[in-house]
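Next come the chains, spelled out residue by residue.
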Amino acid sequence: MASKCNIPLHGPSVNIVRQCRSVLSDVVQSKFGCVATIEGVDFEDQSIVQQKGPTVVPEERFTVTLPAGVKVSVWKGDLTNFKVEAVVNAANDRLQHYGGLALALSNTGGSQIQKDSNDYIQKHGNLKTGDAIVMAGGLLPCKMIIHAVGPQLEKRPLQSEVSSAERLLKKAIRSILDRVEENHLQSVAIPAISSGLFNYPLPQCAETIVKTVKQYYDSSLGKFPEKIFLVNNDEPTVKEMERACRQILATSERRGGVKTSAPAVQIGNVHVRLKKGRIEEEWTDVIVNTASASRDLRNGKISSALLQKAGYELQKELYKASMTGRVFITKPHKLQCKQVYHTSCIDKGSDTRQHANAQQILYSSVFECLQLAAQNHHKSIAFPAIGTGGLGFDTREAAGIMSHAVVQFARTSPMKMEVYFVIFPSNEDTYKAFEQEIGDLQATASHHSPTPALMWDLMSSPPAHERRDDYHGSRGPTPQISLSSPSDERTREADQWLQGLLFESSGAVVICNNFILHFGQREHQQLSRLIKQGVTIDEHFVNGCASITVNGNTREGVVVAGLQVEALLCNIQKEFVREEEHVMLQISMKNASFERKTVDDYSSRTRSALKKLGLRLLKVDKVENPTLKELFDLKKNQLCCFTPQRMYQRVSAQFCEMVCRIGFHAQYAPPEDPAYGEGIYFAGTVEKAMEIWKEPDSDYQHFVEAEVLIGKSTAGKPGLILPPTVGSDPQILFDSVSGGPDVSVIFSGYQALPKYIYITRKC
């Protein structure tokens with residue numbers, strides 16, 4: 001069962017939350033795995049933190065299906081974060097990614113992008129104009145990156161020069177499509193190659209690209225791709241691509257071979273779109289499923305379609321999932337989204353009371369899905385037509401209820417979001433009902449016309465979760481933060497942390513985290529912006545432990561700035577995990593995955609030791625990570641050390657998940673005194689772990705039990721960043737160093753394998 005608790009807000013805490021809701025929610029999610037829902041507070045959220053998500057919210061402007069079956073669409077979006085199997089980079093012939101889109105993709109994709117490019121050029125020489133090659137996508141959210149070399153012109157080129165270059169631009173586009181076919185890619189995102197830094201006039205560039213795509217598939221019998229996205233992040237280029245598509249593909253449109261842009265409406269920060277399609281094929285961040293009460297995905301057309309596409313792992317996870325409100329959240333497995341939200345509604349029924357209850361549940365289900373998506377910082381969500389199948393709702397009724405839930409959410413949403421209603425292609429009546437509803441919303445938004453009757457009826461009777469008893473009268477909900485998570489421990493830890501942050505009387509906020517050492521120019525620029533807003537920020541590095549102290553004239557300003565710093569650290573940690581997983585995958589053939597499950601089969605000796613220290617054992621989680629196990633076994637063979645020792649490390653709550661995913665790193669648990677070197681410390685007993693890592697202000701303690709490869713060891717000393725040499729040969733090093741019989745320090749995280757996490761609380 002999900003664990004929940006509420007934190008009432010009053011006084012300065014209301015203003016703190018008002019200023020930085022999204023940052024607070026993100027930090028609570030990252031540090032504790034908790035969802036924070038904030039009620040009764042109007043928001044201004046002026047966060048300075050630049051998230052790793054897209055700088056442009058993806059927005060579809062035009063879509064067409066070519067006679068060959070390939071779907072071509074025009075999007076305004078950020079290619080560094082566009083969800084697609086392959087993105088195209090507008091490269092130069094030397095594959096030096098020093099400007100424009102190339103630099104953005106290289107920065108986001110990590111150092112491997114440029115390294116792979118350099119290796120290719122060293123081996124094969126420079127590319128020719130019109131060539132395209134395929135490489136791994138690095139840390140980008142795509143499988144592959146296609147480097148294509150378009151023609152480069154002088155500034156303000158002559159028309160004759162543009163005409164000469166057209167042949168080469170066409171060649172580049174055909175080369176891209178050839179690589180897509182050869183690699184069996186289902187989807188590809190292509191920018192306006194050669195425009196921008198390469199000076200190809202934008203209108204002609206757009207026309208040449210669209211003509212080439214059309215001609216390629218007019219004569220091609222290939223099966224790939226299914227989808228071509230023409231993606232750019234600036235409005236002039238997007239408009240030119242849309243104009244070219246409408247102009248050049250107009251013939252197909254008149255023949256009925258094109259599905260043009262679907263009905264849409266903008267409500268505040270929320271963009272609502274209606275489309276025909278199969279929900280299981282959507283590329284949104286979230287796909288919503290309507291599951292039966294039994295959670296059997298074989299029941300219902302939507303559930304069955306998702307199950308068939310995602311595979312049986314989706315069903316297995318759903319059976320184990322804990323409910324958040326009305327929603328079960330699972331991974332996508334083989335779907336193209338980030339998460340699947342499974343919600344359950346009830347039959348419309350025949351009597352008035354059940355009908356009203358069913359309406360309310362449908363409304364609440366949609367509303368909660370939207371709230372959860374926002375709390376998890378998702379940018380897009382796709383709904384099927386809930387209730388129009390076996391639940392017995394009239395199509396217009398279901399469309400009205402779902403639309404009203406979106407409108408109510410949009411009125412208070414501080415973040416931009418794309419909401420899709422996805423209707424199965426053959427359900428014409430359902431599509432028309434939602435189309436009418438979108439039309440009514442367009443009229444309301446544009447002309448302030450009366451709300452449709454059904455929506456007005458729903459507005460006059462607020463949803464059950466928003467109703468208050470008579471004592472509260474007509475006042476809004478009491479300001480509060482509602483925390484929910486899969487476990488009591490996470491919820492209580494988040495509660496304790498927030499209570500201390502929001503209501504502590506001390507004027508300063510102190511953040512201890514060695515990922516501060518990873519701050520670069522961008523992070524320090526953001527800290528400078530905070531200082532300009534009236535706080536002081538001091539960085540410290542003492543005895544191997546980094547910290548930041550935030551001070552200021554008001555408690556509100558200090559806490560808001562402290563949350564901004566925490567958010568910067570969360571982003572740094574997410575990037576660190578992505579890079580480490582990428583490195584792991586270069587060594588291991590296994591996909592990066594792990595399982596953390598609560599168990600009873602652990603050492604009773606550890607329980608006794610914890611009890612003697614005044615700690616009550618709340619839960620033991622077993623960690624299983626096949627990739628880490630493979631790397632650990634490789635390290636065993638390398639060191640010829642086949643008898644690992646059972647040792648312990650004490651870590652903060654926020655690093656437990658990182659240990660499970662990517663193993664041990666020195667940043668997680670710097671000791672109180674790094675007297676034996678700058679590596680990764682382990683203790684032979686939990687008693688010794690309490691000495692090495694002191695956290696006097698925390699009620700909760702987390703101990704990780706690990707198998708550690710000590711190998712050949714020698715005495716450690718301050719300042720070591722590698723083990724000392726065994727003899728005179730600088731290539732032969734000890735495997736670890738020691739600080740006595742109960743302390744060992746390793747310098748490679750692959751020498752330790754996490755086995756159990758012990759979660760304790762002071763008695």
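Cut-offs and rules
- Residues numbered from 1 in each chain as written.
- Predicted model: local features only at pLDDT ≥ 70, side-chain atom pairs only at ≥ 80, totals over all residues.
- Heavy atoms only, no water.
- Helix = DSSP H or I, 4+ residues; strand = E, 2+ residues; numbered from the N terminus.
- Buried < 20%, exposed > 50% of the residue type's maximum accessible area, 1.4 Å probe, protein only.
- Contact = heavy atoms within 4.5 Å.
- Areas by Shrake-Rupley, 256 points an atom, 1.4 Å probe, with all protein chains shown as cover.
- Expected span 1.5 Å × (residues − 1).
- Pairing = 2+ DSSP bridges.
- Axes fitted to C-alpha atoms, helices over the stretch in contact; angles between N-to-C directions.
- Polar contact = N/O pair within 3.5 Å; in protein donor to acceptor, adjacent residues only side chain to side chain.
- Parallel < 35°, antiparallel > 145°, perpendicular 65-115°, else oblique.
- Nonpolar A, V, L, I, M, F, W, Y, C, P; charged D, E, K, R; others polar.
- pLDDT = per-residue confidence, 0-100.
- Phe/Tyr/Trp six-rings, centres within 6.5 Å; stacked < 30°, edge-to-face > 60°.
- Patch = residues over 30% accessible without salt bridge, like charges linked within 9 Å, V, L, I, M, F, W, Y side chains within 5 Å.
- Salt bridge = Lys/Arg side-chain N within 4 Å of Asp/Glu carboxyl O.
- Lys, Arg positive; Asp, Glu negative; His and termini not counted.
- Charge placed at Lys NZ, Arg CZ, Asp CG, Glu CD.
- Core = buried A, V, L, I, M, F, W, Y, C linked by side-chain atoms within 4.5 Å.
- Disulfide = S-S within 2.5 Å.

Student: Explain the overall build of the chain to me, please; I cannot follow it from the model alone.
Tutor: Regarding its fold elements, the chain presents 21 helices and 30 strands. With 763 residues in all, the chain has 51% of them scored as buried. Of the contacts formed within the chain by residues at least 6 apart in sequence, a portion of 74% connects residues at least 24 apart. Of the roughly 34,300 Å² that the chain leaves accessible, carbon and sulfur atoms contribute 49%.

Student: What is the right way to read helix H19 (residues 626-639) from this model?
Tutor: In an α-helix, one turn spans 3.6 residues; hence positions three or four apart end up facing the same way. Here H19 contains 14 residues, and its C-alpha end-to-end distance of 20 Å stays within 8% of the 20 Å for a straight helix at 1.5 Å per residue. What H19 keeps buried is the set Thr627, Leu628, Leu631, Phe632, Lys635, Lys636 and Leu639. Contact partners of the buried residues in H19: helix H17 (555-587), helix H20 (653-662), strand S26 (700-708) and strand S30 (752-762). At the C-terminal side of H19, Cys640 shows a positive phi close to 55°.

Student: Is there a simple way to think about the sheet that holds strand S5 (residues 86-91) in this case?
Tutor: Sheet strands pair by backbone hydrogen bonding; their relative direction is either parallel or antiparallel. What the seven strands build is an open sheet, ordered S3-S4-S9-S8-S5-S7-S6; its pairing is mixed. The open sheet has two free edges, formed respectively by strand S3 (59-65) and strand S6 (132-136), since each of these has just one partner strand. Across the sheet, the mean angle separating the axes of adjacent strands is 25° when strand polarity is ignored. Relative to strand S7 (residues 144-149), S5 is paired through six bridges, and the arrangement is parallel. Looking at S7, one finds that Asn89 is bridged to His147. Against the sheet, helix H4 (residues 111-124) touches S6 and S7, its axis set at about 130° to S6.

Student: Is there a simple way to explain the environment of Glu59 in this structure?
Tutor: Position of Glu59 relative to the elements: it lies in strand S3. In sequence terms Glu59 and Val74 are 15 residues apart; their C-alpha atoms lie 8.6 Å from each other. Apart from the residues lying within four places of it in its own chain, the contact partners of Glu59 are Val74, Trp75, Lys76, His271 and Glu418. Within the local environment of Glu59, its side chain forms a polar contact with the side chain of Arg61, the two groups lying 3.1 Å apart.

Student: Quick question: what am I supposed to make of the sheet that holds strand S21 (residues 545-552) here?
Tutor: Taken in spatial order, the three strands make up an open sheet running S19-S21-S20, and their pairing is antiparallel. Since the sheet does not close on itself, it has two edges, and those belong to strand S19 (509-512) and strand S20 (535-542), each with one partner. Across this sheet, the average inter-strand angle for adjacent strands is 15°, counted without regard to direction. Note that S20 and S21 share eight bridges and pair antiparallel.

Student: Can you help me understand the packing of helix H15 (residues 488-503) against H17 in this one?
Tutor: How two helices sit against one another is set out by the angle between their axes and by the gap between those axes. Viewed as axis vectors pointing N to C, H15 and H17 meet at an angle of 140°, and their least axial separation amounts to 9 Å. Between H15 and H17, the interaxial angle falls into the category oblique. Contact residues: H15 offers Trp497, Gly500, Leu501 and Leu502, while H17 offers Arg555, Val559, Leu563 and Glu566. The residue inventory of the contact of H15 with H17, partitioned by class, reads five nonpolar, one polar and two charged.

Student: Would you take a moment to explain the pairing of S7 for this structure?
Tutor: The buried count for S7 comes to five of six residues, which makes it a mostly enclosed element. Of the strand pairs in this sheet, S6 and S7 are connected by five bridges, and their pairing is antiparallel. Within S7, the position partnered with Ile133 by the bridge is His147.

Student: Teacher, can you tell me more about the confidence of the model for the chain here?
Tutor: For any part of a model where pLDDT is low, the fine detail of the predicted coordinates should not be relied upon. Summing up the model confidence of the chain, the mean pLDDT is 85 and the portion of residues at 70 or higher is 90%. Per-residue pLDDT stays below 50 along residues 251-261; that stretch engages in 23 contacts with residues further than four places along the chain or on separate chains. Throughout residues 446-475 the model reports pLDDT below 50, and contacts reaching past four residues in sequence, or to other chains, amount to 41 contacts.

Student: Mind showing me how you'd approach the packing of aromatic side chains here?
Tutor: Aromatic ring pairs: the centre-centre distance and the angle between the two ring planes describe each pair. Taken as a whole, this structure holds 15 aromatic pairs when the rule is applied. When the centroid spacing of 6.0 Å and the interplanar angle of 10° are considered together, the rings of Tyr363 and Phe367 count as stacked. Here Tyr363 and its partner Phe367 are both found in helix H11 (residues 352-375), four residues apart, which amounts to about one turn of the helix. For the pair Tyr363 and Phe367, one class covers both residues: buried. Their ring planes at 80° and their centres at 4.9 Å tell us that Phe664 and Phe682 sit as a pair that is edge-to-face. Placement of Phe664 in the loop between H20 and strand S25 (680-683) and of Phe682 in strand S25 is noted, with a sequence separation of 18 residues between them. An aromatic cluster of three or more residues is present, and its members are Phe515, Phe576, Phe655 and Tyr668.

Student: Any chance you could explain a nonpolar patch on the surface here in plain terms?
Tutor: A contiguous nonpolar surface patch, about 230 Å² in accessible area, is contributed by Val583, Ile587 and Leu634. Structurally, Val583 can be placed in helix H17. Owing to a relative accessible area of 38%, Val583 belongs among the partly exposed residues under this scheme.

Student: Explain the side chain of Thr343 to me, please; I cannot follow it from the model alone.
Tutor: Here Thr343 lies in strand S15 (residues 339-343). Excluding residues that lie within four positions of it along the chain, Thr343 makes contacts with Val288, Asn289, Thr290, Ala291, Arg326, Val327 and Ser365.

Student: How do you make sense of the pattern of salt bridges when you look at a structure like this?
Tutor: Charged atoms that come close allow side chains of opposite charge to pair. Here the structure, examined in full by the defined rule, presents 35 salt bridges. We note a salt bridge from Lys338 to Asp285, for which the minimum N-O separation is 3.8 Å. In this pair, Lys338 sits in the loop between strand S14 (327-330) and S15 while Asp285 sits in the loop between strand S11 (270-276) and strand S12 (286-290), placing the two residues 53 residues apart along the sequence. When its relative accessible area of 43% is taken as the criterion, Lys338 is described as partly exposed.

Student: Help me understand unusual backbone geometry in this model?
Tutor: Note: most peptide bonds trans; most residues except glycine with negative phi. A positive phi is found at His377, a non-glycine position, where the angle reads about 60°. When you line up the elements, His377 lands in the loop between H11 and strand S16 (380-383). Looking at His377, the relative accessible area reads 26%, which means it is partly exposed. For Cys640, which is not glycine, the phi dihedral falls at a positive 55°. Turning to its location among the elements, Cys640 is positioned in the loop between H19 and strand S24 (645-651).

Student: Whenever I open this one, a positive patch on the surface confuses me. Can you help?
Tutor: A cluster of basic residues, Lys128, Arg167, Lys171 and Arg174, forms a positive patch on the protein surface. Examined against the element boundaries, Arg167 turns out to sit in helix H5 (residues 159-182). Taking the relative accessible area as the measure of exposure, Arg167 reaches 55% and is therefore exposed.

Student: Quick question: what am I supposed to make of the nonpolar core here?
Tutor: Formed by 100 residues in total, the largest nonpolar core has its most connected members in Ile481 and Tyr668. Top element by residues in this core is H17. It accounts for 14 residues. Apart from the residues lying within four places of it in its own chain, the contact partners of Ile481 are Cys5, Asn6, Ile7, Leu9, Val17, Leu24, Ala36, Thr37, Ile38, Leu498 and Leu502. Core analysis: the second largest hydrophobic core is formed by 46 residues, Val270, Leu274, Ile361 and Ile438 among them.

Student: Explain the state of the cysteines here, please?
Tutor: One covalent bond between the sulfur atoms of two cysteine residues makes up a disulfide. A complete count under the given rule lists zero disulfides for this structure. In this structure Cys656 is a free cysteine whose sulfur lies 7.0 Å from that of Cys660, the closest cysteine sulfur available. Classification of Cys656 by relative accessible area gives buried; the value is 2%.

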